[in-house]
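Examining the three-dimensional arrangement
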Amino acid sequence: MSYPEGCSPVAAGGRPLRVLVVRFGALGDVIQSIPVVHRLAELVPKPEITCVTAPGPAALLASDPRLTRLLEFDKSGHDAGRRGTIAFGRRLREYSPPR
C-alpha cells in the first residue's frame, strides 16, 4: 500500500505508531468503531492501539487482540467530576510517547 507524501505508518524514530481511539456513548457507537481498529491493525505494522471507553462497552472490547490496551473512563463513578477527569488524564499520560 502506498501512503500520501509525508505520511508514514511508523512514528518518528522507528517507533510503532501509537493510536488513541476514544469512543464513549452507547454500545452501538463502540461496535461501529471496531472495524476501524481492525483495518488500522491490518494497514500499520505493529501499531500500539489504546482504546478509551465507558465501562459497559469495555467488556465487549476486552478480548480484542488488536488492542494494546483498554482504558475505562467511568464518568459517573471514580472518574466523575473535575478531580476524576484530571486523574484520568494523568493515567492516560502514562501511555504517551517519550519526548
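Residues numbered from 1 in each chain as written. Predicted model: local features only at pLDDT ≥ 70, side-chain atom pairs only at ≥ 80, totals over all residues. Heavy atoms only, no water.

1. What to know about the overall build of the protein
As a reminder, the rule being used: Put simply, DSSP H or I for four residues or longer makes a helix, DSSP E for two residues or longer makes a strand, and each gets a number counted from the N terminus. Accessible area is worked out with a 1.4 Å probe on protein chains only. A residue is then buried under 20% of its type maximum, exposed over 50%, and partly exposed in between. Note on definitions: a residue-residue contact is assigned when non-hydrogen atoms from the two residues lie within 4.5 Å. Per-residue and other accessible areas follow the Shrake-Rupley method at a 1.4 Å probe size, with only the shown protein chains counted as cover for residues.
Along the protein, the regular secondary structure elements total 3 helices and 3 strands. In sequence order, the protein lays out its α and β elements as β-α-β-α-β-α. Burial analysis of the protein (99 residues in total) assigns 25% to the buried set. Considering only contacts in the protein between residues 6 or more positions apart, those separated by 24 or more positions represent 47%. Surface accessibility of the protein: about 6,900 Å² in total, with carbon and sulfur atoms responsible for 56%.

2. Description of the pattern of salt bridges
How we decide: A side-chain nitrogen of Lys or Arg and a carboxyl oxygen of Asp or Glu constitute a salt bridge if their distance falls within 4 Å.
Throughout the structure, instances matching the rule amount to 4 salt bridges. One salt bridge connects arginine 18 with glutamate 48, and the closest N-O pair in it is separated by 2.9 Å. Remark: glutamate 48 occurs in strand 2 (residues 48-53) and arginine 18 occurs in strand 1 (residues 18-23); sequence separation between them is 30 residues. Looking at glutamate 48, the relative accessible area reads 19%, which means it is buried. With a shortest N-O distance of 3.4 Å, arginine 66 and aspartate 64 are connected by a salt bridge. Exposure remark for arginine 66: the relative accessible area of 35% places this residue in the partly exposed category.

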